[in-house]
Amino acid sequence: FRTLDDLDPRGKRVLLRADLNLPVKDGKITDMTRIERLCPTIAELAGKGARVIVCSHFDRPKGKRVPEMSLKPMQEALAKTLGKPVAFADDCIGPEAEAAANALKDGEVLLLENTRYHAGEEKNDPALAQGLAKLADVFVNDAFSAAHRAHASTEGVARLRPAYAGRLMQQELEALDAALGNPQRPVVAIVGGAKVSTKLDLLGNLSSKVDVLVIGGAMANTFLAAQGHSVGKSLQEADMHDTAREILATAKKNGCEIVLPLDLVVAGAFAANAPNKVVGLDGVPADMMALDVGPATIADVNKRLATAKTLVWNGPFGAFEIAPFDAATVAVAKEVARLTEAGQLRSVGGGGDTVSALRHAGVADRMSYVSSAGGAFLEWLEGKTLPGVAALAQ
Ligand code: 3PG
């Protein structure tokens, strides 16, 4: 794919697909990461004299102009982070957007209203893609985290204008390729999460690519139960035992070692500071549930990380939101950060709760790379082609 190194944007109208789908609570942005990571691309384009037209979706308004889902509040956040004014157009296509785009001077920035105010966005309607393309001479996609959606502003428009990857998109793709595409071995993957059923493709794909697959989170209970261990009141999927056994068998055939917990931290209730104890695999009392893995498991995982060259991490080990069941996630995360800083390990994390878990452990900026993507990171782990990326590679 082409990057900004291949583009001289001076005097050009550049449509930049960003992901401004930021977490917002009570009208306030609670995490600026996506804006902070996007701004270098805008600054580079504007600095080179481009007329930058930023578009994005925000939340899921389903084709309606839901006022709480306006991108207007992002205008100020963007301007502040960029350190320069950002204009705003009340629609992403049509006369107002066209007039605003045409009024831009070299180096100026315009933000368009939510692309999902149009039903055509999610349908990848050619009319919407045309409307967006009309605003610009070239298209730059910096929204890796929305690249799993084949929408008009991610996929459709990329086919109508010369298309380039922005710096954030480039960074994500390079980091992910170094982790799974063309990694230094041995590769360890840590996968946590509640349900095996939502991570079937992911586990299948990873077991064909990595050397060691560590399974944590509540989904580990399903594997343990499938192996005949009693898991008490632990969260698990009784209807997934056959599937779990199949995953274990396939991994073995692929030469991938699956690592399951050796011990568990159990409590009577899912509650912060619930009385708890460490038990062996066959020691889970019938009225208790596993909420974390124990010290023997932490030591076992850390031992494997000591000889690994690459780590892909998705999902926490335990119920990290409530103390003290964050212990294993924090302990392993700290070891990952230490090995990364020692230059021994390339560590990449992302998807779902992973970023908040790594943040909670205080190591999010000590990993080699933490993806800004949720669903897109998961689909990439599943080995799927992301339509937004594929459209850049044409
Ligand atoms: C995300 O936050 O993962 C992306 O912005 C995609 O959002 P969506 O799941 O609403 O398509």
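It should be emphasised that the depicted structure is a prediction, and the values quoted were computed from it without experimental measurement.

> So what exactly am I meant to see when it comes to the domain arrangement of the protein here?
Considered domain by domain, the protein is made up of domain 1 (4-167) and domain 2 (183-381). If you average the C-alpha positions of domain 1 and of domain 2, the two centres end up 36 Å apart. Contacts between the two partners involve eight residues from domain 1 and, on the opposite side, six residues from domain 2. Tallied by class, residues from the side of domain 1 that touches domain 2 come to three nonpolar, three polar and two charged.

> Looking at this model, I keep getting lost on the packing of helix H9 (residues 218-226) against helix H10 (residues 241-253). Mind explaining?
The description of two packed helices rests on the angle between their axes and on the distance between the axes. One way to put it is that H9 packs onto H10 with a least axis distance of 9 Å and a crossing angle of 90 degrees. Classified by the angle their axes make, H9 and H10 are roughly perpendicular. Seen from H9, the contacting residues are Thr222, Phe223, Ala225 and Ala226; seen from H10, they are His241, Ala244 and Arg245. Tallied by class, residues from the contact of H9 with H10 come to four nonpolar, two polar and one charged.

> Sorry if this is basic, but what is going on with helix H11 (residues 295-307) here?
Along an α-helix, residues three or four apart share an orientation, since each turn contains 3.6 residues. Helix length check: H11 (13 residues) gives 19 Å between terminal C-alpha atoms against 18 Å at 1.5 Å per residue, within 8%. Along H11, the residues that are buried comprise Thr297, Ile298, Val301 and Leu305. Angularly, the buried residues of H11 cover 100 degrees about the axis, an arc narrow enough to put them on a single face. Exposed residues on H11 whose side chains face more than 90 degrees from its buried face are Ala299, Lys303, Ala306 and Thr307.

> What is the right way to read the site of the ligand from this model?
In the region of the ligand, the neighbouring residues are Asp19, Asn21, Arg60, Ser145, Ala146, Arg149, Gly374 and Gly375. Class assignment for the residues of the shell around the ligand results in one nonpolar, four polar and three charged.

> What should I look at first to understand the sheet that holds strand E14 (residues 289-293) in this one?
Here we have three strands laid out as an open sheet, ordered E13-E12-E14, and antiparallel in their pairing. Looking at the sheet topology across the chains shown, the edges are occupied by strand E13 (276-280) and E14. With direction set aside, neighbouring strand axes in the sheet form an average angle of 40 degrees. Relative to E14, strand E12 (residues 263-267) is paired through four bridges, and the arrangement is antiparallel. In the sheet register, Leu264 faces E14, and the bridge partner there is Val293.

What counts, and where the lines are drawn
- Residues numbered from 1 in each chain as written.
- Predicted model: local features only at pLDDT ≥ 70, side-chain atom pairs only at ≥ 80, totals over all residues.
- Domains from an automatic or database assignment.
- Contact = placed C-beta atoms within 7 Å.
- Nonpolar A, V, L, I, M, F, W, Y, C, P; charged D, E, K, R; others polar.
- Axes fitted to C-alpha atoms, helices over the stretch in contact; angles between N-to-C directions.
- Helix = DSSP H or I, 4+ residues; strand = E, 2+ residues; numbered from the N terminus.
- Parallel < 35°, antiparallel > 145°, perpendicular 65-115°, else oblique.
- Expected span 1.5 Å × (residues − 1).
- Buried ≥ 20, exposed ≤ 12 C-beta atoms within 10 Å, placed from the backbone.
- Arc of directions from axis to C-beta.
- Near = placed C-beta within 6 Å.
- Pairing = 2+ DSSP bridges.

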